[in-house]
Amino acid sequence: MDKVPRVDASTGPEWDSVQIKTSMDRDGLVPIMKVAWRLQADGSIFKIRGSEITVIDEHTNQSVCIQFHYSVGGLETPDQKRWTFSLDVVVEPKHAYSMAVFHLPEPQVGHYRISNRTSVPGCEDQRIKQAQLCQENGSLWDPKITAEFFEGKDLILVGFNSTEYSEKYRVFTQCGSLNPSQWVLKGNRTLLNVTLECDLSQLPQCKILITIQPFFLRCRNNCETAKMLLPYCQNISTPISMTWSRSVNICVGLLLIFGGFLAFALQKATRRGPPITPTSADKQQQEVFQVQKRKRVLIIYSLDHLLYKNIVLKFSAFLATKCGTDVVLDLLDSTRLGVLGSIQWLEWHKEQMESSSDKILILCSRGVRAKWRAMCGGKQVFLREDALSPIGDTLTPSLTLLVPSFIRSASFEKYIVAYFDDICSDEDIPLPFKITVRYKLMKQFEEVFFRILNTEKHEPGRVKQIDGLSEDKYHECPSGRALRDAIEAFREYQLEHPHWFQEELLERSELEEEAATEEYDEQQKMTIADHLTYCVLNSVQMISDKEIQGVVTLNKTNFQPVETPQMYSTVEFYPRTVQSIQLL
């Protein structure tokens, strides 16, 4: 909507409240942030043609914005209350959210927008503790750890309560030279017991730390552990004087060893001789590594250009034929992707990768950089190849799905970030991916393949190598030669067309707006045409309750997503009943 002179714009809204609570969704209770604002009851209220609210997740920089198009016929509702809007947004625990609201049309000079910032508490907070995702992170787990010694034995019996969303637990202690641990499966039991060895005579303190690590559905390997300090001094028969004597003997022994080493070093320093050069035996030995097991890799990329698409396909063929890798690529699975949809297809493969040692390879390019900036509030990007592809743009939903899990430090080993340095650059890598190692293809492809194999290339005294994968040899096989030719063809095209990326950008065609207006009802009937515009299709979801308090009847209209990022509906309000509307 175009801006207007300041005198033709309305005054800004006022905050009513921001609440953190839970709401029932089709998947159970979810934590939500209920944002409410009011219209100011002054003469400018009749100039309002809508409102816009933007909510940004500061943890992931993802955002959602919604426009409400409406007009009102009175300063107050029929119940003589202020016009109030509210919106429920699904939120993540321990994330901070900033929000801004303003009326439409905006003034040409200055603004009347209001802003706010709210931090969502962790799952331990009573307001969201019962939410499904919090329960799947262990918010309701009360382990009630117990521990006791076996008389006359260096054994500890540890008992604790299991819970619903963790099927296995790891129990371990710190006992002097021993660090015993043991896995235990829940099965159908609510009380679990495990016996651990502990060398009590070697402990310097009078307490034993017992730690229980659960593995809940959401946090998996990063779940919060339960701990207990177990006192044991009363169970030790060793006198204090004996312990002191032992400590003194140890200190004296260490001093004697250090003195002897110092004398030996001084003696060697007084002797002069020819410099010692390292022999071939001292150098790291190179070892040819044999691939024992096929691995799988999911490739995420952007359809920047037809020639780049060819590179991705040739690269996948090289991984499959030369390296014996199972490649998961949307271009090679278009039938299933068309049936499931891009989000479901990606979620299914992501779950498969997370439950195994397989990897996710992110190929960065100009399109990745531009689409990431668009997700962060920049100009929307529409590429020619995305428009021509039957599966469309799969990169944007991929980033939406993967970035939140990637930024958790425990997930770094699951993801590999790389780019073809002959045709792309380090600047094409989105900021969240720069916190991990970035590889240049095909210069560092061998390192990438060792990451896919989940094997270290460098080990003490030796360096592993795989025949035919180095930068100067990968093109000696047919699939590698085809890949090299594809990269060279695109590189030459870029030299001939320095503005190639701008040429691939398409201008978004203007969408014909559906007429959703009704005759103005002088008896304070209000019509709202909801234009829901998602700045980024992401995990910050709207679920419910866009209500106008004090208004009485709402004819509910179901919302169904369409291919364009806009949804439309018309809602009419009459006196006497209040309902809510569900945004799906």
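Before reading on, note that the structure itself is shown above.
Residues numbered from 1 in each chain as written. Predicted model: local features only at pLDDT ≥ 70, side-chain atom pairs only at ≥ 80, totals over all residues. Heavy atoms only, no water.

Asker: Summarise the nonpolar core; cite the residues concerned and give the values.
Answerer: Counting residues in hydrophobic clusters, the biggest one holds 67 residues, and the most contacted among them are Phe315, Leu363, Phe420, Met442 and Phe445. The residues touching Phe420, leaving out its near neighbours within four places in the chain, are Tyr308, Ile311, Phe315, Leu363, Leu441, Met442 and Ile487. Of all hydrophobic cores here, the second largest spans 29 residues; its members include Met33, Leu39, Trp83 and Ile128. (Core = buried A, V, L, I, M, F, W, Y, C linked by side-chain atoms within 4.5 Å. Buried < 20%, exposed > 50% of the residue type's maximum accessible area, 1.4 Å probe, protein only. Contact = heavy atoms within 4.5 Å.)

Asker: Break down the pattern of salt bridges for me, citing the residues and quoting the values.
Answerer: When their charged atoms lie close together, side chains carrying opposite charge are able to pair. Using the criterion set out here, one finds 21 salt bridges in the structure. The residue Arg218 makes a salt bridge to Glu136 at a minimum N-O spacing of 2.9 Å. Here the residue Arg218 occupies a position in the loop between strand S13 (207-216) and strand S14 (226-231), and Glu136 occupies one in the loop between helix H1 (132-135) and strand S8 (146-149), the gap between them amounting to 82 residues. The partly exposed category is assigned to Arg218, whose relative accessible area is 48%. (Salt bridge = Lys/Arg side-chain N within 4 Å of Asp/Glu carboxyl O. Helix = DSSP H or I, 4+ residues; strand = E, 2+ residues; numbered from the N terminus.)

Asker: Explain empty space enclosed by the protein to me, using residue names and the numbers behind them.
Answerer: To locate leftover empty space, one rolls a probe as large as a water molecule over the atoms. Tallying each qualifying case throughout the model produces three cavities of 30 Å³ or more. Quantified by volume, the largest cavity comes out at close to 60 Å³. Around the largest cavity, the lining residues are Ser10, Phe102, His103, Pro105, Glu106, Pro107, His111, Tyr112 and Arg113. Its residues placed into classes, the lining of the largest cavity shows four nonpolar, three polar and two charged. Empty space within the second largest cavity amounts to approximately 50 Å³. Lining the second largest cavity we find Ile299, Ile300, Tyr301, Asp330, Trp345, Leu346, Thr394 and Ser398. Residue assignment for the lining of the second largest cavity shows that the elements contributing at least two residues are strand S16 (296-300) and helix H5 (342-354). Taken together, the residues that form the lining of the second largest cavity break down as five nonpolar, two polar and one charged. (1 Å grid on protein atoms, 1.4 Å probe; cavity = no way out; pocket = protein on both sides within 12 Å on 5 of 7 lines; lining within 4 Å. Points joined across faces, edges and corners; volume = space filled by probe spheres on them. Nonpolar A, V, L, I, M, F, W, Y, C, P; charged D, E, K, R; others polar.)

Asker: Report on the packing of aromatic side chains, specifying residues and quantitative values.
Answerer: Enumeration according to the criterion identifies 16 aromatic pairs in this entry. Note on Trp500 and Phe501: the rings are 5.5 Å apart at their centroids and 80 degrees apart in plane angle, and the pair reads as edge-to-face. Per residue, the accessibility class of Trp500 equals that of Phe501, and both read buried. A connected cluster of aromatic rings, assembled from ring pairs, spans Phe315, Phe318, Phe420, Phe445, Phe449 and Tyr474. (Phe/Tyr/Trp six-rings, centres within 6.5 Å; stacked < 30°, edge-to-face > 60°.)

Asker: A description of the state of the cysteines should follow, citing residues and the corresponding values.
Answerer: Applying the stated criterion to the full structure yields two disulfides. Between the sulfur atoms of Cys123 and its disulfide mate Cys134 the distance is 2.1 Å. Torsion about the S-S bond of the Cys123 and Cys134 cystine: about -75 degrees, corresponding to left-handed handedness. A residue pair is termed long-range when its members are at least 10 positions apart, and Cys123 in the loop between strand S7 (114-119) and H1 and Cys134 in helix H1 qualify at 11 residues. Residue Cys219 pairs covalently with Cys223 via a disulfide, S to S 1.9 Å. Judged by the sign of its S-S torsion, about 95 degrees, the bond between Cys219 and Cys223 is right-handed. Free of any disulfide, Cys477 has its nearest neighbouring cysteine sulfur in Cys323, separated by 7.9 Å. The class of Cys477 is buried, set by a relative accessible area of 13%. (Disulfide = S-S within 2.5 Å.)

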